Amino acid sequence: MAALVLTAAALPCAAAALPARYVDLIRHENYVAAEALADAEIARAEIDVKHKQELLCAALEQRVRVDFFDNHQLVTTRLKTVERALQCRERLGDNVENAARIAWLKARLTSLTLRNRDPKRAAALLAETAPQIRQYRERLGATDYAMAALDLSYAADASNLAEAYAWAQAGADAVNRADALSRMIRVRLLDAACFRLGRLGRFAEAEAAGKAGIEAASQTTGEHSLLHSHMLFDLGQVQYFAHHFADAQATLDREIADDRQLGPPARLDLAVALGVWGNLQRRIGNYDRGRTALIETIAVERSDTTRTLDVASALNNLGTLEAESGHCEAAITPMREALELERQRRGADNPYLVPIIANLGRCEIDTGQIANARADISQALSIAVKTLGESNPEIASIYQDMGEVELAEHNYAAATQRLQHALSLLPADPDTLSDTRIPIERNLARSLHGEHADEAAFEHAVAAETARQRLLQRFAGALDESGGLNLRETQPGGMDQVLALAAAQRNPTWIERAWRLQIGARSLITHLVAARLKAARGSTDPQMQALWEQWKIANAAYAAVLLNVEGGKAKEANLAAPRNALESSERALAGRINGLGGTPTPDLAALRANLPAHSALVGFALSRDDPWAGDRTGVQHDRRQRYYAFRLDASTQPALIDLGDAHELGAAIRGWTASLRDPARAIADVDALGKDVAQRVWQPLDLPGDLRHVFLVPEGELHRVAWLALPLRDGPLVEEGPVPELLDSERDLLAAPGDAPTPRVLLVGAVPPDPSIAAGACGDALHALPGARRELDALRELWNETGAGKAAWLVGGDANKAAVRAAMPQSTTIHFATHAFSDDSDCMHHLLASRSVRLVNSAAPANAPALSGLLLASNAHAAPADRDGVLTASEIAAMRLDGVHAVTLAACDTGTGPVRTDEGVFGLARAFRLAGARNVVMSLWNVDDAATADLMQRMYRARWIEHASATDALATAARATLAARRAGGQSLHPYYWAAFVAAGDWR
């Protein structure tokens, strides 16, 4: 940032500089005392008969200098002081000294006039005063010249940002002294330079100026001061401009915390900071939080009597939030009010109008008012070019808007031209303004597809998706999990376009590139969270360990409050504080861990090389049905989607199959699953519904006939499929087809085999019903599980047959939370036979010996950590966190289970939970995988207690005695159970033998 290195020769110190008594008060931000001191000197001067005029002018100018530092004082009060000082000077006569003083006062008057909503007069004063300040630079002295330069920078900001920055730089160059007064002025000039450089798109220089200003402020007024807080604000705002959202969040969080600590003097600064913070929440998809912050900002700014705050900006941001969250009707009113206020404040052609007018135009595109949109966006573009310059990167988004107007009218060639120009304006660094780059690339794919230039369209779609994944890798890794998920959902990228083009063209190269992009998108947030937790668990850094402990405490506290809310013991409003604490502690943890989760995406050659003999890999994908329609907002609900399937085997070319409408396929899966959950349903009905699913999902894959295993990466509703029960031509898949092996991601195929330590088995369950737990978290009564005790006894005997030592045995009252948590990390195989619960469990409580319970409420906010868990024995003498015996998924994820090879959750609905596109099921299985467990066996419905006990014995016999792989053992157990029921004349309904699936490491 060479332009801001303060090496210019210092100007002479004029006698007019503030005396030390003022400087000390201002340095401690005691503006009231400094103003009182100046007023006392004015009063003394007024009664001095001999030197009244000269002393009065000097005293008034000291008050002007004091007011320069106090931005919270009424603008009208400051204006009166400046005008009085100006009149005083004008009565002293025509000489060079007076002319210099008058020019200096007029510079102050220029800035305050603009703040007082008189842009025309301010513009005239700027034109008159700017050359005079340059002329009298030497006579004014360093500090007064720097003050004038800052005032002129503010005034020029409304019409010419380059000139505004030039004044800020000139002022900073002037105050190159180590005295406190020079340093305080320099901080304000660095603050101005930071903001103007950001507006000019020179983000690296802007951040450097902001950081230099923060350092200077900490040395001058201290780290917990209004000046330091304001520098944090401008740095955070510039980081937001540059789309460095994680950095911006950290900086603004720090500033907001300081403002709250500073109390009433920082009230207005807090409002402005909350405005940018709210806008940041909008950009990362936290619409509810963003709306709350912006409404608070607007309320404070409307009550501002100093006339220094800009409510128009917050109104525009609120309107933008409403538009992007799919509520354009609600957006129009705040946007139009913002437009009127901004015109009153800075005039009809100022750069601050640009985002407001452009946002109005975007809403008009969304609501089909294309002619109005064209007019508004053209006006925004004209003002932007005039005030920001033709090559300013900020204009790229407006050219992109013009491209969308052309797309709305099917003017594809014109759209391509606009969008290509927008792309040319962006910085060479792909990570700067990436949030702008993504929609430009995506819309270029749309326009080129409209011109039938699909090769070029494919490249831009790939570029959009690549940029999206880079953005998520950078920003989501520094956000809490909820923030990362929100960010992902508001960034559409280009994956749907890539899939549509690759499926239509059937080009093997395109298919491979599309699949690699899909692998990159798969479980992206989950991988980042897993890497973060693993790094934190294994760190020896004391600071990291402290942050890790804070996160674990916050994590447990949130789970406990959520459990109480679900059970009716606490109000939903009680969730806010512990949720904020959890997310804050997670962001702090993330900030300490850098560069995680960026592993290269494997190519298909590597995947093929790792496929076992006679096996195939199928990766499913879920995408937007029509990727060529408009896509102004990031809101993903209420859109039709399609399923695709990638297929790879040892001998044929990779394939991409269009499986059709997601709504229809999802309905077929849900219908079949409902029949599987009901043992009273006629098997003929179950079979017919299953065959419909097989025709939609399995048959289109056209898999080779000699397969022994098929690795499946499910997506969406396909996570709910009971693959073993899928009806083929001559029977269920478990008897007639390859063994299905579920993976979280294609990357799992390349995972190195785990170490082979001494096997240690942990058997947990047969927990007695606890009425207090039932009343607290569960709407249904808990039932005894006689089959669970029989199951655990049989598994202990079976393990003893192996001669590998004794199994750890935590059964009945011994299976309390503290004991189980202590034993889990010491085990390689863990088996739970106990009650479980999940967010979307629909276990039928009327079934005797049901293994699960149902939650009463659904209080968790969207993208909050899912509430699911296992019910263990309560222990009134344990630590408070362990007394209730509820082991939640959040607590499991915090454990260190890297040595655990296999977990079996022999309870109902343990494989269920909320499903998020590309991220999978958020429930118990995910928690164990985040904790490091390699394979999890889980259930898809409320399992029968007795049938499950039999199936588990058969599975572990295959695993422990016959040394089968995890998935082969489960398939063997299902086949044996089915055969035994057939031989015994029992019901062959899949409810009894197909509820369980295994995911993760198949070995």
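Cut-offs applied
- Residues numbered from 1 in each chain as written.
- Predicted model: local features only at pLDDT ≥ 70, side-chain atom pairs only at ≥ 80, totals over all residues.
- Heavy atoms only, no water.
- Helix = DSSP H or I, 4+ residues; strand = E, 2+ residues; numbered from the N terminus.
- Rg over C-alpha atoms; globule rule 2.2 N^0.38 Å.
- Buried < 20%, exposed > 50% of the residue type's maximum accessible area, 1.4 Å probe, protein only.
- Core = buried A, V, L, I, M, F, W, Y, C linked by side-chain atoms within 4.5 Å.
- Contact = heavy atoms within 4.5 Å.
- Pairing = 2+ DSSP bridges.
- Phe/Tyr/Trp six-rings, centres within 6.5 Å; stacked < 30°, edge-to-face > 60°.
- Lys NZ or Arg CZ within 6 Å of the ring centre and 35° of its normal.
- pLDDT = per-residue confidence, 0-100.
- Disulfide = S-S within 2.5 Å.

The chain goes by Tetratricopeptide repeat protein in an unreviewed UniProt entry, where it is assigned to Dokdonella soli.

S.K.: Requested: an account of the overall build of the chain, with residues and values cited.
M.R.: Helices and strands together make up the secondary structure of the chain, namely 40 helices and 16 strands. Radius of gyration (C-alpha) of the chain: 34 Å, near the 30 Å computed for a compact globule of 1003 residues. Overall, the chain is about 120 × 70 × 45 Å in size when its C-alpha atoms are taken along their principal axes. With 1003 residues in all, the chain has 60% of them scored as buried.

S.K.: So what about the nonpolar core? Which residues, and what values?
M.R.: Core analysis: the biggest nonpolar cluster contains 158 residues, and F620, W698, W723, M824, F832 and F928 have the highest contact counts within it. No other element matches the nine residues that helix α28 (residues 542-566) contributes to this core. With near-sequence residues (within four places) excluded, F928 lies in contact with M824, F832, L870, I892, L897, V903, L905, A933 and V936. Ranked by size, the runner-up nonpolar core spans 151 residues in total, among them L79, A103, A170 and V498.

S.K.: Mind laying out the sheet that holds strand β11 (residues 886-888), listing which residues take part and the relevant values?
M.R.: Spatially, β9-β10-β11 is the arrangement adopted by the three strands of the open sheet, whose pairing is antiparallel. Since the sheet does not close on itself, it has two edges, and those belong to β9 (836-837) and β11, each with one partner. As defined by bridge partners, strand β10 (residues 869-871) adjoins β11 across three bridges and the pair is classed as antiparallel. The residue bridging G869 from the neighbouring strand is T888, located in β11.

S.K.: An account of the packing of aromatic side chains is requested, with residue identities and associated values reported.
M.R.: Applying the stated rule across the entire model yields 14 aromatic pairs. The structure contains a cluster of three or more aromatic residues connected by ring pairs, namely F195, Y240, F241, F245 and F475. R65 extends its terminal NZ or CZ atom over the ring of W104, reaching a point 4.7 Å from the ring centre. Here the basic side chain of R916 rests over the ring of F922, its NZ or CZ set 4.6 Å away from the ring centre.

S.K.: I'd like a rundown of the confidence of the model for the chain, residues and numbers included.
M.R.: Averaged over all residues, the pLDDT of the chain equals 87, while 91% of them reach at least 70. Below a pLDDT of 50 lies the segment residues 773-781, which in the model reaches 25 contacts outside its immediate sequence neighbourhood of four places, other chains included.

S.K.: Tell me what's going on with the state of the cysteines, and back it up with residues and numbers.
M.R.: This model, assessed by the stated rule, comprises two disulfides. Disulfide partner of C57: C88, at an S-S distance of 2.0 Å. Taking the torsion about the sulfur-sulfur bond, which here is approximately -100 degrees, the covalent link between C57 and C88 counts as left-handed. A residue pair is termed long-range when its members are at least 10 positions apart, and C57 in helix α3 (residues 52-69) and C88 in helix α4 (residues 75-90) qualify at 31 residues. You can call C57 buried: its relative accessible area is 0%. Each disulfide pairs two cysteine sulfurs, and for C328 the partner residue is C363, the sulfurs being separated by 2.3 Å. With the S-S dihedral at roughly -105 degrees, the linkage between C328 and C363 falls on the left-handed side. In this pair, C328 is assigned in helix α17 (residues 328-346) and C363 in helix α18 (residues 353-366), connecting sequence segments 35 residues apart. Each member of the pair, C328 together with C363, is buried.

S.K.: Quick one: what's the story with the environment of G493, residue by residue and with numbers?
M.R.: Here G493 is to be found in the loop between α24 (481-489) and α25 (495-505). The class for G493 is buried, based on a relative accessible area of 0%. Once the C-alpha coordinates of G493 and A273 are considered, the two residues, 220 residues apart in sequence, prove to be 29 Å apart. When residues no more than four places from it in sequence are discounted, the contact partners of G493 are I438, R442, A464, E465 and R468.

S.K.: Describe in detail the pairing of strand β2 (residues 641-649), supporting the description with residues and values.
M.R.: Across a regular strand the side chains alternate sides, sitting on one face of the sheet and then on the other. Counting buried positions along β2 yields seven of nine residues, so the element is predominantly enclosed. Where strand β1 (residues 615-624) and β2 come together, nine bridges link them in antiparallel fashion. Paired with R624 across the strands is Q641, a residue of β2. Across six bridges, β2 lies against strand β3 (residues 655-661) in antiparallel orientation.

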